[in-house]
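Descriptive analysis of the structure
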Amino acid sequence: MFTVVLPVHGGAASVRALDGEDERAVDAVDTRTAIALLQRVVTGPDPARLAAADRDRLLAAVYTSTWGRDIESVECCDACGKRFDLRFSIDNLAAALDLDRPAAAERQPDGTYRTPHGSVFRLPAFDDEIGLTSPSELLARCVVHRDASDDDDALEAAMEAVAPLIDLNVDAACPECGHAQQIRFNIQSYVLGRLVQERHRLLSEIHALVCSNAPRRRR
Ligand SMILES: [Zn+2]
């Protein structure tokens, strides 16, 4: 069991390691699948009611409790085109998010946030995110009071700043040619993508086993 502090919701939740059944239940990398997975393994507030920033921290704990702290991926160099292994610690990502956090809005006792201009917003949960067709629709749902000085961009930036997602650029250098580049890392796509990949690998192994054990047809 891992205990995770929820920066937006407040308090904490516990996350257990994935078992085979949890792993087999994941067949996509979308938010609905992420929430279904979290609902199986999290003890605490309902993940569907949490902001994306809290869900990302829970997904990071799912990763750590199941596979450890190292993130590994294979990337392609922009300059020489060769593939290389990228490895970094999930702890460093979380620490970077906390350090970069500017005071874009102040948290109010009721859980809403107030910008320096006086606009007030709440952070969206999954219920707000489903069925949206544009970012301005999300703002319409989540902005409680808008000061004329805060345009859509300013409010979106404030929302992102008070609740940063584990969706950021990671510095990487190609071991072949030394070219430096940034790799986008998104915890939800990474964790769910890994599970989908493992599920495909397992299915093809089972398929291969079934085929090799199948009785040969007589001629
Ligand atoms: Zn290279």
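Now for a description of the structure that goes with this document. (Residues numbered from 1 in each chain as written. Predicted model: local features only at pLDDT ≥ 70, side-chain atom pairs only at ≥ 80, totals over all residues. Heavy atoms only, no water.)

Side note on helix 7 (residues 152-162)
For the α-helix, the turn length of 3.6 residues means that residues three or four positions removed from each other point alike. Heads up, the rule is: Burial classes: relative accessible area under 20% of the type maximum marks a residue as buried, over 50% as exposed, and values in between as partly exposed (1.4 Å probe, protein chains only). Under the scheme used here, helices are H or I runs from DSSP no shorter than 4 residues and strands are E runs no shorter than 2 residues, and both carry numbers assigned from the N terminus. Here the arc refers to the directions that run from the helix axis out to each C-beta atom. When checking whether two residues touch, look at their non-hydrogen atoms; a contact exists if any pair is within 4.5 Å.
Residues Leu155, Ala158, Met159, Ala161 and Val162 constitute the buried set of helix 7. Mapping the buried residues of helix 7 onto a view down its axis gives an arc of 165°, with all of them on the same face. Exposed residues lying more than 90 degrees from the buried face of helix 7 are Asp153 and Glu160. Where helix 7 is buried, its residues meet strand 7 (113-114), strand 8 (120-121), helix 6 (135-142) and strand 9 (143-145).

Remarks on the coordination of the zinc ion
Where we set the bar: Here the coordinating atoms are restricted to nitrogen, oxygen and sulfur within 2.8 Å of the metal centre, or 3.2 Å for Na, K and Ca, and because water is not among them the sites may look incomplete.
Protein ligation of the zinc ion involves Cys77 (SG), Cys80 (SG), Cys174 (SG) and Cys177 (SG), the donor distances falling in the range 2.3 to 2.4 Å. Of note, the donors binding the zinc ion are all from one chain and are spaced C-x2-C-x93-C-x2-C. Placement of Cys77 in the loop between strand 4 (70-76) and strand 5 (83-89) and of Cys174 in the loop between strand 10 (167-173) and strand 11 (180-186) is noted, with a sequence separation of 97 residues between them. The same class applies to Cys77 as to Cys174, namely buried.

Things to note about the sheet that holds strand 6 (residues 106-107)
Selection criterion: Strand pairing is assigned whenever DSSP detects at least two bridges linking the two strands. As a rule, the C-alpha atoms of each element are fitted with a line to give its axis, helices using only the stretch in contact, and angles between N-to-C directions run from 0 to 180 degrees.
One open sheet accounts for four strands, arranged 6-7-8-9; its pairing is antiparallel. Edge strands, defined here as strands with exactly one partner in the open sheet, are strand 6 and strand 9. Along the sheet, helix 6 makes contact with strand 8 and strand 9, crossing strand 9 at roughly 50°.

A look at the nonpolar core
Note the threshold: Joining through side-chain atoms within 4.5 Å is the link that ties buried Ala, Val, Leu, Ile, Met, Phe, Trp, Tyr and Cys residues into a set, and such a set is a nonpolar core.
Ranked by internal contacts, the top residues of the largest apolar core, which has 39 residues, are Val15, Leu58, Ile166, Phe185 and Ile187. Mapped onto this core, the elements with two or more residues apiece are strand 2 (12-15), helix 2 (31-41), helix 3 (52-67), strand 5, helix 4 (90-99), strand 10, strand 11 and helix 8 (187-213). When neighbours within four sequence positions are excluded, Leu58 is seen to be in contact with Val4, Leu6, Ala13, Val15, Leu38, Val42 and Leu50. Judged by nonpolar contacts, the second largest core, of 16 residues, contains Ala53, Tyr113, Phe121 and Leu139.

Remarks on the pattern of salt bridges
The condition that has to hold: Basic side-chain nitrogens of Lys or Arg form a salt bridge, by our definition, when they fall within 4 Å of a carboxyl oxygen of Asp or Glu.
Tallied over the entire structure, the rule returns eleven salt bridges. For Arg87, the salt bridge identified is with Glu72, shortest N-O distance 2.6 Å. Here Glu72 lies in strand 4 and Arg87 lies in strand 5, a separation of 15 residues in the sequence. Owing to a relative accessible area of 42%, Glu72 belongs among the partly exposed residues under this scheme. Across the pair Arg146 and Asp152 runs a salt bridge whose closest N-O atoms are separated by 2.7 Å. Taking the relative accessible area as the measure of exposure, Arg146 reaches 39% and is therefore partly exposed. A cluster of three or more residues bridged by salt bridges with shared partners is formed by Arg16, Glu21, Asp22 and Arg40.

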